[in-house]
Amino acid sequence: MAKFDFTKRDSFGSRIGVIAAAAGSAIGLGNIWRFPYVAGENGGGAFLLIYVGFIVLIGVPVMLSEFTIGRRAQRNAYGSFKLLKPKQPWYLIGLMGIAAAFMILAFYSTVAGWTLEYLINAISNNYAGKTPEQLSNMFDSFVSLGFKPVIFQVIFMFLTAWIVYSGVRHGIERYAKILMPILLLIIIVLGIRSVTLEGAGEGLNFLFNPDFSKIDTSTVLEALGQAFFSLSIGMGTLITYGSYINKKENLSTTAFEVSAADTAIAILAGVAIFPAMFAFGVEPNTSGEGLVFKILPLIFNEMPGGFAFQLLFCFLLIVAALTSTISVLEVVVAYFSEELGVGRKIATVIAASSIGFLGIFCTLSFGPLQGLDLFEIFNFTSANILLPLGGLLIVIFVGWFLGRQNVYDEISNSGILKVRLYKVFLIIVRFVAPIAIALVFMHGIGIIRI
Ligand code: PFF
């Protein structure tokens with residue numbers, strides 16, 4: 001078995017590159033596709049409040065913990081734990097992350113495939129003049145087709161593999177840096193159009209006015225899962241990216257900035273979707289996974305220059321999805337190449353084709369394999385179980401086992417940086433986050449009842 005040469009590891013080239021790559025991982029279909037439909041199904045405002053609470057209280061500290069582990073060890077997610085605590089089973093967190101990566105990429109690439117269909121429809125102007133019912137039918141009949149959605153999914157997996165194949169700095173960083181800011185701009189434009197539609201007020205009310213009667217324990221778990229999923233935390237993605245971060249970067253500000261950008265995009269996506277949904281008379285909890293694909297074209301139809309905006313939006317949605325899928329694939333590829341001694345290129349091919357194969361079953365669960373429901377099983381299990389569990393173990397590791405001096409050195413760049421909220425961070429990773437995650441988790445899956 002060929003040994004991996006750790007002196008030749010790739011790395012991110014600049015501060016802006018680090019932010020772009022990590023934000024690129026965080027910002028994706030989770031914000032624009034998943035957040036609106038999960039928030040819609042879980043009551044809107046109250047869900048948003050709990051979600052944002054989790055991001056601040058748990059999300060940012062978990063993200064910083066992952067960066068800390070990765071940059072300390074300079075290894076993939078599995079190898080980092082092996083190196084930092086040899087002979088202890090912490091590396092299982094890394095293996096769990098690899099399992100989560102398989103599941104996430106399998107169902108995520110299904111949705112990413114739908115975005116390609118969306119692009120083609122936008123180019124052919126197929127959405128023009130359609131009613132909400134017609135759009136809804138278009139989506140439902142497309143996803144149930146079988147063959148076509150699978151082809152789009154496979155194309156997407158190819159794109160992902162191709163970028164990962166070309167390496168970290170040249171692949172991931174270059175693409176993320178340019179395109180993410182344009183995405184932000186276009187979502188703002190969309191939001192403005194949405195809130196100025198007639199009858200939009202009700203949607204804003206739904207999103208920002210919490211109705212706590214709609215909250216139960218499963219909602220709280222959904223909010224936690226969505227926070228983890230959206231920030232790309234709990235499975236070692238940001239351990240892996242952290243391992244490519246230069247020793248001079250400030251990890252805490254990076255974690256703050258990435259989380260803030262991610263949350264802003266999710267909320268903006270909500271501002272674009274909910275007002276339009278109410279304005280067009282669509283119920284917030286009836287569209288499921290198809291929600292954004294059914295609503296967004298309606299908004300573009302109502303916009304001057306809507307055709308061009310929609311095209312640009314589709315393109316950027318695809319890019320946002322790609323900067324996320326490459327980060328998931330990178331977790332597996334880094335593991336294969338550093339631990340199993342497989343060359344990076346072969347590792348990419350093996351990982352992408354096996355995940356792609358699994359993904360086909362997810363896509364077909366909307367069509368010929370209806371009832372198998374692999375899509376929903378992977379979606380639920382990864383976000384609501386594996387990621388929170390991974391996050392729980394990660395904060396316990398950093399809070400109690402990595403060693404105070406190690407943690408301080410990594411976060412303060414060996415004492416050079418003043419880290420203002422360091423004490424707060426320690427209290428959170430040692431006590432608050434583990435207790436909160438454990439409680440929500442056990443409650444949500446019904447192990448305890450209070
Ligand atoms: N955070 C991504 C999104 O919101 O689309 C999805 C994701 C990427 C989840 C990477 C987990 C991950 F490790």
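Here, the structure is the one placed above.
The following paragraphs examine the structure supplied in this document. (Residues numbered from 1 in each chain as written. Predicted model: local features only at pLDDT ≥ 70, side-chain atom pairs only at ≥ 80, totals over all residues. Heavy atoms only, no water.)

### Describing the site of the ligand
Around the ligand lies a shell of 16 residues, among which Ala-26, Gly-30, Tyr-108, Phe-229 and Thr-237 are the nearest. Phe-229 is positioned with one of its backbone polar atoms (N or O) 2.8 Å from a nitrogen atom of the ligand. A distance of 2.9 Å separates a nitrogen atom of the ligand from a polar atom in the side chain of Ser-232. Burial of the ligand by the protein chains amounts to 100% of its free accessible area of 340 Å². Elements represented by at least two residues in the shell around the ligand include exactly helix H1 (15-26), helix H2 (29-41), helix H5 (91-123), helix H10 (217-231) and helix H14 (306-339). Of the residues contributing to the shell around the ligand, the split by class is 7 nonpolar, 9 polar and no charged. (Near = heavy atom within 4 Å. Polar contact = N/O pair within 3.5 Å; in protein donor to acceptor, adjacent residues only side chain to side chain. Areas by Shrake-Rupley, 256 points an atom, 1.4 Å probe, with all protein chains shown as cover. Helix = DSSP H or I, 4+ residues; strand = E, 2+ residues; numbered from the N terminus. Nonpolar A, V, L, I, M, F, W, Y, C, P; charged D, E, K, R; others polar.)

### So, the nonpolar core
Counting residues in hydrophobic clusters, the biggest one holds 157 residues, and the most contacted among them are Trp-33, Trp-114 and Phe-313. Setting aside its immediate chain neighbours within four residues, Phe-313 contacts Ile-32, Tyr-118, Ile-186, Ile-187, Leu-190, Leu-296 and Phe-300. (Core = buried A, V, L, I, M, F, W, Y, C linked by side-chain atoms within 4.5 Å. Buried < 20%, exposed > 50% of the residue type's maximum accessible area, 1.4 Å probe, protein only. Contact = heavy atoms within 4.5 Å.)

### Some words on unusual backbone geometry
At Ser-232, a position not held by glycine, the phi torsion is positive, near 60 degrees. Tracing the backbone shows Ser-232 in the loop between H10 and helix H11 (237-242). Residues other than glycine seldom take positive phi values, yet Asn-413 does so here, at roughly 50 degrees. Its place among the elements puts Asn-413 in the loop between helix H17 (404-412) and helix H18 (422-444).

### Concerning helix H13 (residues 291-301)
In terms of burial, H13 is a largely internal element, 10 of the 11 residues being buried. Within H13, the full set of buried residues consists of Leu-291, Val-292, Phe-293, Lys-294, Ile-295, Leu-296, Pro-297, Leu-298, Ile-299 and Phe-300.

### Regarding the pattern of salt bridges
With the rule as written, the count across this model stands at 7 salt bridges. Measuring nitrogen to oxygen at the nearest pair gives 2.6 Å for the salt bridge that ties Arg-344 to Glu-330. Separated by 14 residues along the polypeptide, Arg-344 in helix H15 (residues 344-364) and Glu-330 in helix H14 bring together distant segments of the chain. Connected through shared salt-bridge partners, Arg-71, Arg-72, Lys-247 and Glu-410 make up one network. (Salt bridge = Lys/Arg side-chain N within 4 Å of Asp/Glu carboxyl O.)

### Notes on the packing of H2 against H10
Contact pair H2 / H10: the axes reach a minimum separation of 11 Å and the direction vectors enclose 175 degrees. Taken together, H2 and H10 sit at an angle that is classed as roughly antiparallel. In this structure, H2 uses Gly-30, Asn-31, Arg-34, Phe-35 and Val-38 to contact H10, whose residues at the interface are Glu-222, Gln-226, Phe-229 and Ser-230. Of the residues contributing to the contact of H2 with H10, the split by class is 3 nonpolar, 4 polar and 2 charged. (Axes fitted to C-alpha atoms, helices over the stretch in contact; angles between N-to-C directions. Parallel < 35°, antiparallel > 145°, perpendicular 65-115°, else oblique.)

### Notes on the environment of Pro-86
Checked against the element boundaries, Pro-86 lands in the loop between helix H4 (77-84) and H5. In this structure the C-alpha to C-alpha distance between Pro-86 and Asn-285, which are 199 residues apart in sequence, comes to 48 Å.

### A word on the side chain of Gln-310
With respect to the helices, strands and loops of the structure, Gln-310 is situated in helix H14. Sequence-distant contacts of Gln-310, defined by excluding residues within four places in its chain, comprise Tyr-118, Ala-122, Tyr-127, Leu-296, Pro-297 and Phe-300.

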